[in-house]
Amino acid sequence: FGEKPHVSFCERLGRKNTDRPRPIKVCLTNGDAAVHLQKCGKRLRDIPATRRVFVAPDLTHEEREEWKKLVELMKARKTANPEHHFYISRGEVWCDQSPTTRNQ
């Protein structure tokens, strides 16, 4: 991804669980490096070893609550329509089959 960012702090979040790996919080010394890492994070899916790695943005408490509501809405729609693929983009739940089905 180019230049290596300087990490000022790194820790695992949550309680130890055998079901799945815990997320890692990484604090960088430079805000521009964080933005660059966020943009390049999508390319991690192209590498087999990091296919399941996701780089999440730094969110406020209110933004995290809003995201949780969107995920719950998406899960409800997915349960009601299992043949469709739903995703979250620009603060809304979308369906790849037909954009007119969003936020009903």
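Residues numbered from 1 in each chain as written. Predicted model: local features only at pLDDT ≥ 70, side-chain atom pairs only at ≥ 80, totals over all residues. Heavy atoms only, no water.

**Quick look at the overall build of the chain**
Which entries qualify depends on this criterion: We count a stretch as a helix when DSSP gives it H or I for four or more residues in a row; a strand needs E for two or more, and each element gets its number in order from the N terminus. Taken over C-alpha atoms, the radius of gyration is set against a globule rule of 2.2 Å times the number of residues to the power 0.38. Each residue's exposure class comes from its accessible area (1.4 Å probe, protein chains only) as a fraction of the maximum for that residue type: buried when under 20%, exposed when over 50%, partly exposed otherwise. Contacts are assigned to residue pairs that have any heavy atoms within 4.5 Å of one another. Each accessible area is a Shrake-Rupley estimate made with a 1.4 Å probe; only the visible protein chains count as cover when residues are assessed.
Regarding its fold elements, the chain presents 2 helices and 4 strands. Secondary structure elements of the chain occur, N-terminal to C-terminal, as β-β-α-α-β-β. Taking 104 residues into account, the globule formula puts the C-alpha radius of gyration at 13 Å, and the chain, at 17 Å, lies well above it. Summarising its shape, the C-alpha atoms of the chain cover approximately 45 × 30 × 30 Å along the three principal directions. Within the chain, the fraction of its 104 residues that count as buried is 12%. Contacts in the chain between residues far apart in sequence, at least 24 positions, make up 12% of those at least 6 positions apart. When the accessible surface of the chain is summed, it comes to about 9,100 Å², and 53% of that surface belongs to carbon and sulfur atoms.

**Remarks on the confidence of the model for the chain**
Note the cut-off: Every residue is assigned a pLDDT by the predictor, reflecting its confidence on a scale from 0 to 100.
Averaged over every residue, the pLDDT of the chain is 84; the share at 70 or more is 90%. Mean pLDDT in the chain bottoms out at helix H1 (residues 31–40), which sits at 84, and peaks at helix H2 (residues 61–80), which reaches 94. In the model, residues 99–104 has pLDDT below 50 throughout and makes 12 contacts with residues more than four positions away in sequence or in other chains.

**Some remarks on unusual backbone geometry**
Phi at arginine 90 is positive, roughly 50 degrees, even though this residue is not glycine. Along the chain, arginine 90 falls in the loop between strand S3 (86–89) and strand S4 (92–95).

**Some thoughts on the layout of surface pockets**
Once rolled over the atoms, a probe with the size of a water molecule shows which space is left empty. Using the following cut-off: A pocket here means an open set of points on a 1 Å grid, computed over the protein atoms alone, that has protein on both sides within 12 Å along at least five of seven lines. A cavity is instead a set of points where a 1.4 Å probe fits but cannot get out; residues with an atom within 4 Å of a point line either one. Grid points are joined across faces, edges and corners, and a volume is the space filled by probe spheres set on the points. Put simply, Ala, Val, Leu, Ile, Met, Phe, Trp, Tyr, Cys and Pro go in the nonpolar bin, Asp, Glu, Lys and Arg in the charged bin, and everything else, Gly too, in the polar bin.
The space that makes up the largest pocket amounts to roughly 2,200 Å³. As for the largest pocket, its lining consists of 46 residues, and the residues nearest its centre are Ile24, Phe54, Val55, Ala56 and Pro57. Per-element tally for the lining of the largest pocket: the top contributor is H1, with 9 residues. When the residues that make up the lining of the largest pocket are grouped by side-chain class, the tally is 23 nonpolar, 10 polar and 13 charged.

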